[in-house]
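# Structural features, examined
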Amino acid sequence: VGDVRITARPLRLLLEGHHESGSLRLHGSVDWGLPHAAEQRGADGEPPLRTEKGRQRFLDLAAERVVGGGAIGIRLTGAAVDRRQEERTGEAYRLDRRWGRVVLTGRREIGRVTARALLGFASQRDDFSSGSVPSGAYEMDALLFGLEGAMPVARSLELRLGYLGSVQGAERETDGAEALPDLEESPFLDKAHARALYTFRPGMSIELLLSQALRGGSFGGGSVKALLTF
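These lines cover the structure that appears in this document, whether it is placed above or below. Just so it is clear, the structure is predicted and the values come from calculations on it, not from any experiment. Along each chain, numbering runs from 1 in the same order as the chain's sequence is written. Only residues with pLDDT of at least 70 get local features here, since the model is predicted, and only at 80 or more are side-chain atom pairs given and counted; chain-wide, interface and lining totals rely on the full set of residues. In computing side-chain values, all of the structure's heavy atoms are included and hydrogens and water are not.

### Examining the packing of aromatic side chains
Put simply, the test is: Think of it this way: a Phe, Tyr or Trp ring, Trp meaning its six-membered ring, pairs with another when their centres are within 6.5 Å, and the plane angle makes it stacked under 30 degrees, edge-to-face over 60, tilted otherwise. Only DSSP runs of H or I with at least four residues qualify as helices, and only runs of E with at least two residues qualify as strands; both kinds are numbered from the N terminus onward. For every residue, the accessible area obtained with a 1.4 Å probe (protein chains only) is divided by the maximum for its type, and the residue is called buried under 20%, exposed over 50%, and partly exposed between those limits.
Summed over all chains, the structure comprises three aromatic pairs. Ring geometry for Phe 145 and Tyr 163: centres 6.3 Å apart, planes at 35°, overall tilted. Of this pair, Phe 145 sits in strand E9 (residues 136-154) while Tyr 163 sits in strand E10 (residues 157-174), and the two are 18 residues apart along the sequence. Taking 5.1 Å as the distance between ring centres and 70° as the angle between the ring planes, the aromatic pair formed by Tyr 198 and Phe 200 counts as edge-to-face. In this structure Phe 200 comes out as exposed when scored by relative accessible area, which is 52%.

Spelled out as structure tokens, the structure:
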């Protein structure tokens, strides 16, 4: 098997910024990848065994404004991936993916309780082909919503109870491939969660999370994580 040679080195342009002015906070980041390419060499004088080309890009923008006893915000996220691979045998693999999300958030202090809410929309579009699946497309749209309330229950300990749900619609179409059949679904998913946050000092805390799916009654998951801010 021949060795791999990079014919166009991967190069990423990174940009990130943060700005605060009065009650307004802005944050943005861009990860812009330029096209890269590689090939796996064959024997001397022969064409490459395979070639690969691709690029990826990512964008994230957020804004938040403090209003009275709370805040409102918006976050926009987008990503794109393009990949191509060709074999000497003539087989070709291709994936073009576009993904985006917009999320509105709100926070309000109500006595000892801090209420948080979110409403969002996510969308994904895929266009693909491979040796086993000549060509196809996948589309997904989802509406996201959630509500969480946080209240201190002891010194340095905060309890958070919340609910998250999504209404999704997904559709996949292929050119008559049995290995990857057409698909159409529109499930409704939701779960409740409880989080306990213990703060040792500013910027250092530990969080315990437990969640339960409401439809079907299955265990939603759990985690323990440490949060450190420098």
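### Section: the pattern of salt bridges
Two side chains of opposite charge can pair, provided their charged atoms sit close to one another. The test is simple: The working definition used for a salt bridge is a side-chain nitrogen of Lys or Arg within 4 Å of a carboxyl oxygen of Asp or Glu.
A complete count under the given rule lists 18 salt bridges for this structure. Close ionic contact of Arg 5 with Glu 39 constitutes a salt bridge, the shortest N to O distance being 2.7 Å. With Arg 5 in strand E1 (residues 4-8) and Glu 39 in strand E4 (residues 36-40), this residue pair connects regions lying 34 residues apart in the sequence. Residue classification places Arg 5 among the partly exposed positions, given a relative accessible area of 33%. For Glu 39, a relative accessible area of 16% puts it in the buried group. One salt bridge connects Arg 12 with Asp 31, and the closest N-O pair in it is separated by 2.6 Å. Taken together, the positions of Arg 12 in strand E2 (residues 11-21) and Asp 31 in strand E3 (residues 24-34) put the pair 19 residues apart, joining distant regions of the chain.

### With respect to the layout of surface pockets
Our working definition: A 1.4 Å probe that fits into a set of points on a 1 Å grid over the protein atoms alone but cannot get out defines a cavity; an open set with protein on both sides within 12 Å along at least five of seven lines defines a pocket, and lining residues are those with an atom within 4 Å of a point. Grid points are joined across faces, edges and corners, and a volume is the space filled by probe spheres set on the points. Amino acid classes used here: Ala, Val, Leu, Ile, Met, Phe, Trp, Tyr, Cys and Pro are nonpolar; Asp, Glu, Lys and Arg are charged; the rest, including Gly, are polar.
If you add up the space inside the largest pocket, you get close to 450 Å³. Arg 116, Leu 118, Glu 148, His 193 and Arg 195 are, among the 19 residues lining the largest pocket, the residues nearest its centre. Only strand E7 (92-110), strand E8 (113-129), E9, strand E12 (188-201) and strand E13 (204-213) provide two or more residues apiece to the lining of the largest pocket. As a volume, the second largest pocket reaches approximately 370 Å³. Lining the second largest pocket are 18 residues, with Ala 62, Ala 63, Ile 74, Arg 75 and Thr 105 sitting closest to its centre. Of all the elements in the fold, those that place two or more residues in the lining of the second largest pocket are E2, E3, strand E5 (50-67), strand E6 (70-87) and E7. At five residues, the largest contribution of residues to the lining of the second largest pocket is made by E5. A per-class count over the lining of the second largest pocket returns seven nonpolar, five polar and six charged.

### Considerations on the pairing of E3
Here is the rule we go by: We treat two strands as partners when DSSP finds at least two bridges between them.
As paired elements, E2 and E3 share 11 bridges and run antiparallel to each other. Looking at the pairing, His 18 lines up with His 27 of E3. Between E2 and E3, which follow one another and run antiparallel, lie two residues, and Gly 22 among them has a positive phi close to 60°.

### A word on unusual backbone geometry
Of note, Ser 156 is a non-glycine position whose phi angle comes to about 70°, a positive value. Within the secondary structure layout, Ser 156 lies in the loop between E9 and E10.

### Thoughts on the environment of Glu 20
Quick reminder of the rule: Counted as a polar contact is a pair of N or O atoms within 3.5 Å, where, for protein atoms, one must be capable of donating a hydrogen and the other of accepting one, and residues adjacent in sequence contribute only when both atoms are in side chains.
Within the secondary structure layout, Glu 20 lies in strand E2. Judged by relative accessible area, Glu 20 falls into the partly exposed class, the value being 49%. One polar contact links Glu 20 to His 18, side chain to side chain, over a distance of 3.2 Å.

### Some details on the environment of Ser 223
Here is the rule we go by: Throughout, a residue-residue contact means that at least one pair of heavy atoms, one from each residue, lies within 4.5 Å.
Along the polypeptide, Ser 223 turns up in strand E14 (residues 219-228). Aside from chain neighbours lying at most four places away, what touches Ser 223 is Glu 207, Leu 208 and Leu 209.

### Some words on a negative patch on the surface
Defined as follows: Think of a patch as exposed residues, more than 30% relative accessible area, with no salt bridge, where like charges cluster within 9 Å and nonpolar side chains (Val, Leu, Ile, Met, Phe, Trp, Tyr) cluster within 5 Å. Areas reported as accessible are Shrake-Rupley estimates using a 1.4 Å probe. Residue values count occlusion only from the protein chains shown. Positive charges are assigned to Lys and Arg, negative charges to Asp and Glu, while His and the chain termini are left out of the count. To locate a charge, take NZ of a lysine, CZ of an arginine, CG of an aspartate or CD of a glutamate.
On the surface, Glu 139, Glu 171, Glu 173, Asp 175, Asp 182 and Glu 184 cluster together into a negatively charged patch. Relative to the assigned elements, Asp 182 resides in the loop between E10 and strand E11 (183-185).

### Topic: a nonpolar patch on the surface
A contiguous nonpolar surface patch, about 790 Å² in accessible area, is contributed by Leu 59, Leu 61, Ile 74, Leu 76, Leu 104, Leu 119, Phe 121, Leu 143, Val 167 and Phe 188. Within the residue set of the nonpolar patch, elements represented by two or more residues are E5, E6 and E8. In this structure, Phe 121 sits in strand E8. When its relative accessible area of 39% is taken as the criterion, Phe 121 is described as partly exposed.

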